[in-house]
Every structure is written in structure tokens, then in C-alpha cells.
Amino acid sequence: MALVPPHGGKGLVCCLLQGAELAAEQKKAEGLKKIDISPRAKGDLIMMGIGGFSPLNGFMSKADWKSVCENFTLADDTFWPVPVTLDMDEEVKVGEEIALFDPKKGVYMATMKVTEVYEMTEADKKWECEKVYKGQGEESADDKFWEIAPKDHPGVQMVMAQKKYNVAGPVKVLSEGDYRDRFPGCYMTPAEARKTFEEKGWSKVAALQLRNPMHRSHEFLAKIAVEVCDGVFIHSLVGNLKPGDIPAEVRIKCIDTLIDKYFVKANVVQGGYPLDMRYAGPREGLLHATFRQNYGVSDMLIGRDHAGVGDFYGLFEAQEIFDRIPKNLGAGKDLVTQPMKIDWTFYCYKCDGMASLRTCPHGKEDRVVLSGTKLRKALSEGAPVADHFGRDEVLDILREYYSSLTEKVEIKMQSHAAATKM
Ligand SMILES: [Zn+2]
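Residues numbered from 1 in each chain as written. Predicted model: local features only at pLDDT ≥ 70, side-chain atom pairs only at ≥ 80, totals over all residues.

Draft legend 1. A look at the nonpolar core. In terms of nonpolar packing, the biggest core is built from 110 residues, with Leu45, Ala206, Leu208, Ala225, Val232, Phe233 and Leu301 touching the most fellow members. With six residues, the single largest contributor to this core is helix 2 (residues 39-50). Lining this core are residues from two domains, each supplying at least three of them: domain 1 (19-173) and domain 2 (179-273 + 343-422). (Core = buried A, V, L, I, M, F, W, Y, C linked by C-beta atoms within 7 Å. Buried ≥ 20, exposed ≤ 12 C-beta atoms within 10 Å, placed from the backbone. Helix = DSSP H or I, 4+ residues; strand = E, 2+ residues; numbered from the N terminus. Domains from an automatic or database assignment.)

Draft legend 2. Looking closely at the sheet that holds strand 15 (residues 367-369). As summarised here, the arrangement of the three strands in space is 14-13-15, forming an open sheet in which the pairing is antiparallel. The sheet is open, and its two borders are formed by strand 14 (353-356) and strand 15, each paired with just one other strand. Ignoring which end each strand starts from, the neighbouring axes of this sheet average 40° apart. Inspection of the sheet shows strand 13 (residues 345-348) paired to strand 14 by four bridges, in the antiparallel sense. Considered in strand 14, the bridge of cysteine 348 is made with glycine 353. Most of the contacts of helix 9 (residues 216-228) go to strand 13, to which it runs at about 110°, and overall it touches strand 13 and strand 14. (Pairing = 2+ DSSP bridges. Axes fitted to C-alpha atoms, helices over the stretch in contact; angles between N-to-C directions. Contact = placed C-beta atoms within 7 Å.)

Draft legend 3. Broad picture of the domain arrangement of the protein. According to the domain assignment, the protein contains domain 1 (19-173) and domain 2 (179-273 + 343-422). Between domain 1 and domain 2, the residue contacts involve six residues of the former and seven residues of the latter. Counting residues per element, the side of domain 1 that touches domain 2 draws most heavily on helix 2, which supplies three residues. Residues belonging to the side of domain 1 that touches domain 2 are distributed by class as follows: three nonpolar, three polar and no charged. (Nonpolar A, V, L, I, M, F, W, Y, C, P; charged D, E, K, R; others polar.)

Rendered as C-alpha cells:
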């Protein structure tokens, strides 16, 4: 048995140059028109560089953008769930080569051959938001969405703040950023992850997506996956999050500790991936599965409120969307990685252990309902944390982090997290 193939039927499409070719292209970049890019675009470029976004080899054309929003496919019918576009103020010319520059770090990230420039009007951006970011939760209800989203939905804010033009074309990536230095042994390319899994003899690999500290529910999900797959890949976002979220360094230390104390190490691999959160809710869940296929993952764990934002989405919408995506698109074009759907999980005193709504017959008064948001709120306020909410070793690391903060962090509670509607 082999690992799942990379998405798109073209193998791993890696746009990162190496060796002499890289040195020559870096020199060339210095002579090209320099365009500053956003942190989101930087993450996208690194993913294209390392094959994480296979089969994409550049930013999307208008036809691809439109088809992705409308049909969940690129213009050639290959499945793809979210737009990967590059916005710019300055109108560049078709045929021109430009250099994409990270102004924060002062690094040339890529060169790009412009194949298309298309204007994004306010109406186009709104259309993209409605197609991609609007969900079935109460805050997405028709009259409410445009009232609430511009203030409270970071994904919508990002799209609406985009510049006047989208520029499409293939890229040559010049840098992986500093992730390899910042997260040694954890940051991994798809090829490196595949090699690790192959050396372990794994073919059925589950992934747990994390952007919050790993608490008991995550541990339970990962362990369910270990029981039915060859192993689990605990894969954290190491790109940017919103203010108030816990930095990747702290989250990774928590996972290291958990693996050390509570897992059979042979059955777990920890990794980090270089993207920022897009805050695209259920569509982002699909993106998580799509790029995980490139990492060799066959089963994507999707629990309650996966990639949720406020109350814009239903609690299980990220599971349901997998049933609505187009299928039988042709050789290599379908999403092969499947969702592993897990119901609401919690610690139950009567069951005397972790359980889910599918296994526990008891009432909500017997359950400790776990949510990352609730945990962060308690820790940031120095409040006690309910028993069985997280492992003591993890809570100690988090308490240490919060006590090191000089500014108090305000945690906005979602009504999902605040309520115990079970
Ligand atoms: Zn129970």
C-alpha cells in the first residue's frame, strides 16, 4: 500500500529553486520591478515552493478564481476550494517579470511572469466573500452577513481590503522564509513528511489540524485516528494568526510535551506548515484536506466547529461541505483525502473518560465541555481551569506563557463556545 498521491495528478509541483538556479534568479530579482506582498501571499508562495499547493504553480487567473468561487474547481476542473490570488495596486503589464518582496523581512520571495491582470471591483470582492466566506450559521443569515462580517470576520476583512487588481502568473520561489530555523525538526515539506511516513511503513495517515493549544479533545481525536489508521500527523499552523492567539512556539512545546507523556511515539509525527489562517470556515476545512493530500495524508480529522469563525458557520458545516463538493472530475482531479468526521467530544464524569455525543448517553451536567477559546479566556484571566479540561503539563506551559505577557489579552467569546447547547 502506498501513500495517497499528491493532488492534481502532476506529482508534487515545487516552485522553489535550488543551488545555482536559485542564486541566478535572486540576482535577477534585484533588477526587476519590486512589489511588496502581504503575509498571506508569502505563505501561499512558500506552499507553492514546497509542493504544498500542488498542482498550483502560481497565482490564479480570473477564470480559475471565478471557477473556484463558484464550482470548487480550477478552470480545468481540478478540485480546489479557496482562491489563491495576488492583489496589487500598481498595474503591471502582461508579459512583464516582477519580483515579489516581503517588506517585513526584507527578502525577495519569488519572481513571477505576469500572464493576466484583472480588476477586482467592490462588487467582485463582495461576490467572492458571499461565495467563499458566507456559511449557514446565524451570523451568515442574509440581512446580518454584511452588517457583521466587515467588522467581525477576519477572512472577509482580508478580501475587502485587497488592492485594485489581481495579477496572475507562474512563480519561481526564492525562499522558504525562516520556518526551518524557527521550528527545527517540526517544519516539514510535503516530500519530507512523505519520506517520514514511508520509512515508518505508513500508508493510511490521519492529520490533526491545530491552531490552538492541544487540549483533551484534540488528544482524543488524535487517538481515535491512531486506532484506525497507521498513524497520526499532528500538523500545526506556524504562520500568522490573529492577535490574542497563542504563538506557534508555545503550541508546539505543548504538543511535544503531550506526545512525550501521553502518546506511543511510534504512532505520531508532529509537523508545522507555513500558512496563515484564511478564516474561510468550511472552505478552509477543504483546503486543509487538499494540501494535506500533498503531505501524504489520507484522512483529515474534522471535529466540531473546524476552522470556525464567530457564529458564521454551523458547528458541523465543515464536515457537511465534504458531501457537497463536486466528484468524479477526472483522473487526478478529485480530492482523494477524505474527512474523518468526529462528533462533539468532551470528558464525562459518568463515563469516567473522554466520550462523544455518539457514545455518551449522559446529560450535560455530567460533562466538561472543552473549547480552546474557553481555555484561553480562563488562562488569560488567571482563573482556575475545570478538571480534565487539559493535561496539567500543558496547562503549566500555558500559564507560564500568559504570566510572561505584559499586555492583557482580550478574548472574545463566541456564543458557540460560551453556550453549552448540547
Ligand atoms: Zn457519559
